[in-house]
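# Understanding the architecture of this molecule
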Amino acid sequence: MSLKSRKNPSKATKASSGSKKSWQGRLSADADAATAELVASLDIDRALWRYDIVGSIAHARMLSEQKLLSRPEFKRIHDGLLKIAADIESGRLEMPIELEDIHMVIEKALTDRIGQAGAKLHTGRSRNDQVAVDLRLWARDAVDGLIGKIAGVQRALVTLAEAQGKVVMPAYTHLQRAQPIVAGHALLAYAEMLQRDADRLADARARINVCPLGCGAVAGTSLPIDRARTAELLGFPKFARNSIDATSDRDFLAELCFCCAMLGVHLSRWAEDWIIYSSTEFALIELHDAYCTSSSMMPQKKNPDTLELIRGKSASVIGSLVGMLTLLKALPLAYNRDLQDDKRFVFNSVTTMEQALTVSAGLVATSRLREEKISAGIDEGYLDATSLAEYLVGKGVAFRQAHHIVGELVSRAERSGKTLSELPMEILRSACGKIGADVAGYLGAANVVKRYASDGAAGAGQLRKQLAYWKRKLA
Ligand code: ARG
């Protein structure tokens, strides 16, 4: 069976038909209803059902190879689990919450269906290593899914940068006009952030990809299991060295939460920029109607709600990271039931970012830069002041002096309502005698952008190089 789909139609129910627990040999009293609800995690961990079944099949196969199960017993378990998978997929499997979690639901269904062989499945295994292996299998797929979706947003950014990226727009620092740039350079800044997020996920994947199965409850088992075999069957390149650590380690989930939080923060920065840029005041970008909403009262409104929600979702993933770390803080060795709540946080982190990335890709793909508006306002705000200072440096003026000279010229130009290139030559020359007619090539945003010479700068040549890089990388 495939691990790929994480959708999960069966619902946890309150039905109590024959849900006798596996440990009822030890405990005599049943939990009251409120306690049963507290203890149950079925509503959340049923999302792990595919991974649980795949993990159990690998475990059973290894048990049969180790002669802890007979071949016919293994076959009954294997076929029974596949039938249960089909029933969960179609929403037919009952999931009474008294059974607590998805592991018990599946094991109970198996034992009900195939009898004694089902009761042998848990040999040499505990729910502690079982849930750890399920989570690692889930997290591995989650990482791969997120990396794929990140690439989708990056591709949309590259496509937009290629189509419209040469238009000259202002770069901002402190949200004030700073220096002119080709617009594609700003678009690809987000591609860089997202690439670090993808790389971080890939790094985290290496630590996720370690098999805890066979570590049992905390100390392993006296039975002759083969941990290398289950690791191999589940596609893990190695298995965990220490059973105590492996059954209680959730670093890999905290790390995944951090990756999602950082990604959420990056998306929130992009969303904030585009919310500002799409306003009438900035008018740098036009969002497609499909990603906007209107107002119930003001008929003219076109609101960037999608971007606002993406910006807002960062709160949720930051919260999940804090929740996950707080859950782990000061936990004694080894497994403690607190860990059951890990899923609440990490599932939220991943599903929130999956949704945000899907919508972001569509949003970028359908947006367009408002080239006419951008160009019309580009020579306001003295974006060429730094270029003029660098012109003076070329004439042998020390940069600090050049900075001072240009500062005075800007102040003068501002008083007379002119741009730097509109200042008469005698005024320029009275500020610094080294200014000559060649200064014209340094003034005006379009000229400035042509002069950028350093690697990674905001000119058209550097943009061409970056585009070539990203197209190769994302191909
Ligand atoms: N549902 C539990 C969890 O997610 C499974 C492990 C239960 N183990 C235990 N010793 N009670 O953590």
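Nothing here was measured: the structure is a model prediction, and the numbers come from that model. (Residues numbered from 1 in each chain as written. Predicted model: local features only at pLDDT ≥ 70, side-chain atom pairs only at ≥ 80, totals over all residues. Heavy atoms only, no water.)

## Some details on the confidence of the model for the protein
- On average, the protein scores 95 in pLDDT, and the residues at 70 or more come to 95%.
- Taken as a whole, residues 5–9 scores under 50 in pLDDT and shows 18 contacts with residues more than four places along the chain or in a different chain. (pLDDT = per-residue confidence, 0-100. Contact = heavy atoms within 4.5 Å.)

## Concerning the packing of helix α7 (residues 127–164) against helix α13 (residues 342–366)
- As a packed pair, α7 and α13 sit with axes 9 Å apart at the nearest point and diverge in direction by 20°. Looking at the two axes, α7 sits roughly parallel to α13. When the axes of α7 and α13 are compared, the crossing they make is left-handed.
- Of the residues belonging to the contact of α7 with α13, the class tally is 18 nonpolar, three polar and four charged. (Axes fitted to C-alpha atoms, helices over the stretch in contact; angles between N-to-C directions. Helix = DSSP H or I, 4+ residues; strand = E, 2+ residues; numbered from the N terminus. Parallel < 35°, antiparallel > 145°, perpendicular 65-115°, else oblique. Left-handed = near helix turned anticlockwise from the far one by under 90°. Nonpolar A, V, L, I, M, F, W, Y, C, P; charged D, E, K, R; others polar.)

## Here we look at the packing of α7 against helix α11 (residues 251–277)
- It is the contact of α7 with α11, at a shortest axis distance of 11 Å, that shows an interaxial angle of 20°. Taken as axis vectors, α7 and α11 run roughly parallel relative to one another. Judged by the sense of rotation from one axis to the other, the crossing of α7 with α11 is left-handed. Residue-level contacts link A132, L135, R136, W138, A139, V143, L146, I150 and L160 of α7 to F252, L253, L256, C260, L263 and W274 of α11.
- Class assignment of the residues belonging to the contact of α7 with α11 gives a composition of 14 nonpolar, no polar and one charged.

## Considering the packing of aromatic side chains
- Taken as a whole and judged by the stated rule, the model has seven aromatic pairs.
- With centroids separated by 6.1 Å and ring planes inclined at 35°, the aromatic side chains of Y172 and Y277 adopt a geometry described as tilted. Of this pair, Y172 sits in strand β3 (residues 168–173) while Y277 sits in helix α11, placing them 105 residues apart in sequence.
- Relative accessible area serves as the criterion here: at 19%, Y172 is assigned to the buried category.
- Under the relative-accessibility criterion, Y277 is labelled buried at 11%.
- Between Y469 and W470, the aromatic rings sit 5.1 Å apart at their centres with planes inclined by 80°, giving edge-to-face as the arrangement.
- Judged by its relative accessible area of 37%, Y469 is partly exposed.
- Each member of the aromatic cluster is reached from another via a ring pair, and the members are Y172, Y277 and F282. (Phe/Tyr/Trp six-rings, centres within 6.5 Å; stacked < 30°, edge-to-face > 60°. Buried < 20%, exposed > 50% of the residue type's maximum accessible area, 1.4 Å probe, protein only.)

## Here we look at the site of the ligand
- Taken together, S41, D45, D101, R127, N128, V131, Y335, R337, Q340 and K343 make up all the residues around the ligand.
- A distance of 2.8 Å is found between a nitrogen atom of the ligand and a side-chain nitrogen or oxygen belonging to D101.
- In this structure, a nitrogen atom belonging to the ligand sits 2.9 Å away from a side-chain N or O atom of N128.
- Looking at the shell around the ligand, the element that brings in the most residues is α7, giving three residues.
- In terms of residue class, the shell around the ligand is made up of two nonpolar, three polar and five charged. (Near = heavy atom within 4 Å. Polar contact = N/O pair within 3.5 Å; in protein donor to acceptor, adjacent residues only side chain to side chain.)

## Things to note about the nonpolar core
- If you look at the biggest cluster of nonpolar residues, it comprises 115 residues, and the most contacted ones within it are W138, L256, W270 and W274.
- Here this core gets 17 residues from one element, more than from any other, and that element is α7.
- With residues up to four places along the chain from it excluded, the contact list for L256 reads W138, A139, V143, L146, L201, V346 and V350.
- Counting 21 residues, the second largest nonpolar core, distinct from the first, contains A385, V397, A402 and A413. (Core = buried A, V, L, I, M, F, W, Y, C linked by side-chain atoms within 4.5 Å.)

## Quick word on helix α3 (residues 49–65)
- Over its 17 residues, α3 runs 24 Å from end to end, which matches the ideal 24 Å to within 8%, given 1.5 Å per residue.
- In terms of burial, α3 is a largely internal element, 15 of the 17 residues being buried.
- Positive backbone phi, at 65°, marks K67, one or two positions downstream of α3. (Expected span 1.5 Å × (residues − 1).)

## Observations concerning the pattern of salt bridges
- For the coordinates displayed, the defined rule picks out 25 salt bridges.
- For R207, the salt bridge goes to E255, with nearest N and O atoms at 2.5 Å. Taken together, the positions of R207 in helix α8 (residues 183–208) and E255 in helix α11 put the pair 48 residues apart, joining distant regions of the chain.
- For R207, a relative accessible area of 47% translates into the label partly exposed.
- Because the salt bridges share partners, they merge into one network encompassing E286, D289, K302, R368 and E372. (Salt bridge = Lys/Arg side-chain N within 4 Å of Asp/Glu carboxyl O.)

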